[in-house]
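# Reading the structure
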Amino acid sequence: MTAALTPVLETPRLILRETRAEDFEACAALWGDARVVRHIGGRVSTPSESWGRMLRFPGLWALLGYGYWTMTERETGSFAGQVGLADFRRDLSVDISGIPEAGWVLSPRVHGRGYATEAMGAVLDWADRELDAPQTCCLIDPDNAASLNVARKLGYGGAQTAQLGDHATLVLWRGRKT
């Protein structure tokens, strides 16, 4: 069912596709890795929490018409991470209601290869064509220099400091490219 809702996006090195049940082990390993979640709440996910996250992805597509993709390497088909857009209805001190929130989470084995910029560039190109959203935002831990660099390359700016639970985060904005 998700395959019909989630478009396939291809880049020179990556394929972005729907999330499948068989992605569970890779997803659980990703979200269970302390290096991955260091700047995303700081707490590793249990396998059950990872499964719940995976189940949300088709729901985003069904309810919003956008969501998250599973990212695989074109050459090997190996799981490389998850990227996309969402509306998580966050309890945030800055109002982002109704604004698609960009996010990217990559397997440590592919860090530093430019995959986040490549994949999210494809996602944002798709969003600029397909969504009637004048802007997107992203939330980034102020100490996450790598993701801040990716965000800048993607055209995000105008950072605002916001509170997300007990943590300060930066909200960055990107206007729709026509």
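Residues numbered from 1 in each chain as written. Predicted model: local features only at pLDDT ≥ 70, side-chain atom pairs only at ≥ 80, totals over all residues. Heavy atoms only, no water.

### Observations concerning the side chain of Thr72
Structurally, Thr72 is set in strand β3 (residues 68–73). By relative accessible area, which is 6% here, Thr72 ends up buried. The contacts of Thr72, once residues within four sequence positions are left out, are Arg13, Leu14, Ile15, Arg17, Gly77, Ser78, Phe79 and Ala80. (Helix = DSSP H or I, 4+ residues; strand = E, 2+ residues; numbered from the N terminus. Buried < 20%, exposed > 50% of the residue type's maximum accessible area, 1.4 Å probe, protein only. Contact = heavy atoms within 4.5 Å.)

### What to know about the sheet that holds strand β1 (residues 9–10)
Taken in spatial order, the 8 strands make up an open sheet running β1-β2-β3-β4-β5-β6-β8-β7, and their pairing is mixed. Each end of this open sheet is capped by a strand with a single partner; those strands are β1 and β7 (157–164). Sheet topology places strand β5 (residues 101–106) next to strand β6 (residues 135–140); 2 bridges connect them, and they run parallel. Within β6, the residue paired with Glu101 across the bridge is Cys137. Each of β5, β6 and β8 (167–175) is contacted by helix α6 (residues 145–153), which is oriented at about 165° to β6, the strand it contacts most. (Pairing = 2+ DSSP bridges. Axes fitted to C-alpha atoms, helices over the stretch in contact; angles between N-to-C directions.)

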